[in-house]
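Working through the structure, step by step
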Amino acid sequence: MAKQEEKPKDKNTEPEIPKKSFFKDERVRFTAGVFMLFLAIYLTIAFISYLFTWQTDQSFEWQNIFSGSGIRVENWTGKIGASFSVQFMNHWFGISSFSLPFIIGLLGLRLLKVRPLPFRKTTFKLLIGTVLLSLVLGFIARTIGGFLGSGLGGAHGLFVSEWISALIGKVGTAFLLLLFCITYTIYVQPDSIHWFNRLIGEVILLFKSKKNEEEVEIEANTTTIKKTIVVNENGQIIEKQDDNKVEEFTSSPAENTNLKVTNNPIIEKADDLDDEDEIEEQELTNEVEEDANVHQIQAVIAPEGEGDVELTIESIQEAVANGSAIENQELYDPTLELSSYQRPPIELLEEYKNQASPVSNEELIDNKNKIVETLANYKIQIDKIKATIGPTVTLYEIVPAPGIRISKIKNLEDDIALSLAALGIRIIAPIPGRGTIGIEVPNQKPEIVSMYSILKSAKFQESKFELLIALGKNISNETFILDLTKLPHLLVAGATGQGKSVGLNAIISSLLYKKHPSQLKFVLIDPKKVELTLYSRLERHFLAKLPDSEEAIITDTQKVIYTLNSLCIEMDQRYELLKQAQVRNIKEYNDKFTARRLNPNKGHKFLPYIVVIIDEFADLIMTAGREVETPLARLAQLARAIGIHLIIATQRPSINIITGVIKANFPARIAFRVSSMIDSRTILDHPGANQLIGRGDMLVSTGSDMVRVQCAFIDVPEIERLTDFISNQRGYATAFLLPEYSPESSEEQFEVDLKKRDDLFDEAAKLIVQYQQGSTSLIQRKFSIGYNRAGRIIDQLEAAGVVGPFEGSKARQVLITDEISLEQIINNLNNQQ
């Protein structure tokens, strides 16, 4: 009852204005910030002056600061500056004290609401670095002689390093400080661990190479007896010596128990050495020479006691029968043909540093309070709320009180958007695996996610994915990457101007940074003719095309049909190679080929991955229709195992463009902002894409769940620098050539016999010429006949020269313009009968 009586009093009384804290006053913060900046500049000048006036400044004492003008100092900042310089540079940390004015200046900028660096992390790193640098410089000054008195490392560095040296000696102190420096470097710059790994690897390789040189010198001094084992057509083993004597071997195990393969590998036969045998040095080899159906395997006779049997004559005969040589331990390297190729450096890309934090603490607190207040207006209590800041949106996770229905919060989406005055609010109810409800609120100042930061991240550099594509950063500011071989195809859709082309550029760039030209080829289809033309310079490195095609970027619709059918032929050929090699996918096949277990003389070769990128897919469906969709469906269903992957982009996410066949074979989908919930459901089978904020904001669905990602931004000048760097290197003679495709083979399967024309042929011809429209449906409607009969009449009209050939979904072109010419054609046909 008391609470009910208090409510009207609250309405009539005026609201109290909350009193601001003294340190939260904007004027106080601004004044303190300016003072901190001036203090930082003052101390920096004082410390720099101390480097030149240290002898005079060290004689000055604190007690004489306020003394008369008789005591003078040479420091540029006077007595106070000299006192601070002596205290920090001499008595404390030496020249590492320069970090103090930097920290003070950073604090001043923070008070002025300018945040170039995170204050706490930067301060912590600088303080540790100050102490560590003081120790290192103090140890150097104590070991090899002082400089600037104790100013190099300060009194702290001298005394502490001397104390550590007394405990573990100078050598132990040096190793300990080196360990501290390496640890600090890895902590401050995590990417430096790759540099240390490469340095250690190079040292180990250098040591091994020297060891191998010593072993080669030892082997060069050993002498061997050269003999040759000859295998004739009948599989008999014959041994030849240099004096042309021939000695036959039987295949009994008793006589061949000394044959062996060494690690090189070479075939050895332990036998008693004869002093009269000719001794000469021989280069070890395992090549199989074929001459008149006789396989010669060079062998070396080694001294006795080399070991037991590891290879019998039966195994040699079996290897020869299979047409393969004894395996070499050195793997085949497909990159040797372009061994000088260098992957592009990351420095070609722009960094796009963000000057300030995308979300301030005031914005976070304000949004939290508005969310809680809006839910409270509908009697929804919140037990807990926390925020996760992303590059473009901030995720507020709330835990409702027991008994609150999730659907009740889900229905308040528009009300929360109204209270926050935000562009678009997306509610995830509940978040899978967390037990909370997520409210995604766009940031007032979105952050630019540069391609530079994505490619430089440790997650991208250390990834072992076969076809790594880097898309951007998720809502937790973590790099988001996918393996295209696991997807295995990708559908990209969204309204025009929302970032599809930038997303395709990010995918292509990430693949270019990871793969060698021998390992990856692109088939780029661009009906718009302007989006993918930047990559035409990569023709002799990364692009694939038809043999008779002049341009590597495919823009003509008819060539698109030929290219897709050619890829189907390539797919069938690759499956035949996999069948012969008895493997299931391209990775197993290439591993087997690089291990030299497949014979190139039988058609085997290293198979690169082929990534087909189609921009403006809707335009292809409108102009070519079934001719494009049929080979595309075949590739989507079968091409995964043999390394052909599809990436399709469209700005018309309607059901007649993204058909059921395509959706069934494209489980991985990317949706940029769309205009309606229907379009979002067409792309993702879920709503949400209509609530994105645009400019690279996207939802990525890999089948099970959806992730909100801010797409990495890469501009046209960056792509030009990237393609210039690659194209200026030595490439292949031509682009990767796809199999030839001849469409005539399918059209010549049937011929139209004009002697057996349809009864409605003459009337249908006059109708077509009258309406100037070569349409099957027009004949159906006017004569009330079925589709099959109307189709046969159209084929007969084409054979007679009345209409043109089939052009996909378009109506056929009418070749006759007047009825007089038509009458002449009909009369000629009648006379032929």
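All values reported here derive from a predicted model rather than from experimental measurement.

Right, let's get into the overall build of the protein chain. When you go through the protein chain residue by residue, the secondary structure sums to 26 helices and 22 strands. Looking at the protein chain residue by residue over its 833 residues, the buried ones come to 44%. Contacts in the protein chain between residues far apart in sequence, at least 24 positions, make up 66% of those at least 6 positions apart. Accessible surface computed for the protein chain: about 46400 Å², of which carbon and sulfur atoms make up 53%.

Before going further, it helps to examine the side chain of H489. Relative to the helices and strands, H489 is located in the loop between β13 (479–483) and β14 (490–493). Here the side chain of H489 touches L646 through a polar contact of 3.0 Å, landing on its backbone nitrogen. Once residues within four sequence positions are removed from consideration, H489 is found in contact with L635, A636, I644, H645, L646, N665, F666 and A668.

Within a sheet, neighbouring strands are paired by backbone hydrogen bonds and run either parallel or antiparallel to one another. Taken in spatial order, the 4 strands of this open sheet run β8-β9-β11-β10, and their pairing is antiparallel. Strand pairing shows two members of the sheet lacking a second neighbour, β8 (382–389) and β10 (426–428), which therefore form its edges. In this sheet, adjacent strand axes meet at a mean angle of 20° when their direction is disregarded. Note that β8 and strand β9 (residues 393–400) share 7 bridges and pair antiparallel. Its bridge partner being in β9, T388 is matched across the sheet by L395.

Within this structure, the stated rule accounts for 11 aromatic pairs. Look at F52 and W76: their rings are 6.0 Å apart centre to centre, the planes differ by 20°, and that puts the pair in the stacked class. Placement of F52 in helix α2 (residues 26–58) and of W76 in the loop between α2 and α3 (78–92) is noted, with a sequence separation of 24 residues between them. No difference in accessibility class separates F52 from W76, as the two residues are exposed. Ring geometry for Y332 and F593: centres 5.3 Å apart, planes at 85°, overall edge-to-face. With Y332 in the loop between α8 (313–321) and α9 (361–377) and F593 in helix α16 (residues 586–594), the pair connects residues that are 261 residues apart, well separated along the chain. The class for Y332 is partly exposed, based on a relative accessible area of 32%. Judged by relative accessible area, which is 8%, F593 ranks as buried. Lying across the ring of F460, K514 places its NZ or CZ 5.3 Å from the centre.

Moving on, we get to the pattern of salt bridges. What the rule picks out here adds up to 21 salt bridges. Residue D572 is joined to R634 by a salt bridge in which the shortest nitrogen-to-oxygen separation is 3.3 Å. Separated by 62 residues along the polypeptide, D572 in helix α15 (residues 557–581) and R634 in helix α18 (residues 626–638) bring together distant segments of the chain. Taking the relative accessible area as the measure of exposure, D572 reaches 38% and is therefore partly exposed. Close ionic contact of K766 with E823 constitutes a salt bridge, the shortest N to O distance being 3.7 Å.

On to helix α21 (residues 716–727), then. With 12 residues, α21 extends 16 Å between its outermost C-alpha atoms, agreeing within 8% with the 16 Å of an ideal straight helix rising 1.5 Å per residue. Every buried residue of α21 is accounted for by E718, I719, L722, T723, I726 and S727. Burial along α21 is one-sided: seen end-on, the buried residues are contained in an arc of 160°. Buried residues belonging to α21 abut α14 (500–514).

A contiguous nonpolar surface patch, about 610 Å² in accessible area, is contributed by I41, I45, I48, L51, F52 and W76. Positionally, I41 belongs in helix α2.

Right, let's talk about the packing of α9 against helix α11 (residues 413–420) for a bit. Contact pair α9 / α11: the axes reach a minimum separation of 10 Å and the direction vectors enclose 135°. Classified by the interaxial angle, the pair formed by α9 and α11 is oblique. Here α9 runs over α11; the crossing is right-handed. Of the residues in α11, those in contact with N367, K370, I371, T374 and L375 of α9 are D415, I416, S419 and L420.

Once that is clear, we can look at the confidence of the model for the protein chain. Across the protein chain, the average pLDDT comes to 78, with 77% of residues at or above 70. pLDDT under 50 marks residues 1–20. Its contacts with residues more than four places away, or in other chains, come to 0 contacts. Segment residues 146–150: pLDDT under 50, and 10 contacts once partners within four positions in sequence are set aside and those in other chains are kept.

The strand order across the open sheet built from 9 strands is β13-β12-β21-β20-β19-β14-β18-β17-β15, with neighbouring strands paired in mixed fashion. The open sheet has two free edges, formed respectively by β13 and β15 (520–525), since each of these has just one partner strand. Recorded for the sheet is a direction-independent mean angle of 30° between the axes of neighbouring strands. Bridge count for strand β12 (residues 468–474) against strand β21 (residues 706–711) is 3 bridges, and the pairing is antiparallel. In the strand pairing of β21, K473 is matched with Q710.

Calculation criteria
Residues numbered from 1 in each chain as written. Predicted model: local features only at pLDDT ≥ 70, side-chain atom pairs only at ≥ 80, totals over all residues. Heavy atoms only, no water. Helix = DSSP H or I, 4+ residues; strand = E, 2+ residues; numbered from the N terminus. Buried < 20%, exposed > 50% of the residue type's maximum accessible area, 1.4 Å probe, protein only. Contact = heavy atoms within 4.5 Å. Areas by Shrake-Rupley, 256 points an atom, 1.4 Å probe, with all protein chains shown as cover. Polar contact = N/O pair within 3.5 Å; in protein donor to acceptor, adjacent residues only side chain to side chain. Pairing = 2+ DSSP bridges. Axes fitted to C-alpha atoms, helices over the stretch in contact; angles between N-to-C directions. Phe/Tyr/Trp six-rings, centres within 6.5 Å; stacked < 30°, edge-to-face > 60°. Lys NZ or Arg CZ within 6 Å of the ring centre and 35° of its normal. Salt bridge = Lys/Arg side-chain N within 4 Å of Asp/Glu carboxyl O. Expected span 1.5 Å × (residues − 1). Arc of directions from axis to C-beta. Patch = residues over 30% accessible without salt bridge, like charges linked within 9 Å, V, L, I, M, F, W, Y side chains within 5 Å. Parallel < 35°, antiparallel > 145°, perpendicular 65-115°, else oblique. Left-handed = near helix turned anticlockwise from the far one by under 90°. pLDDT = per-residue confidence, 0-100.

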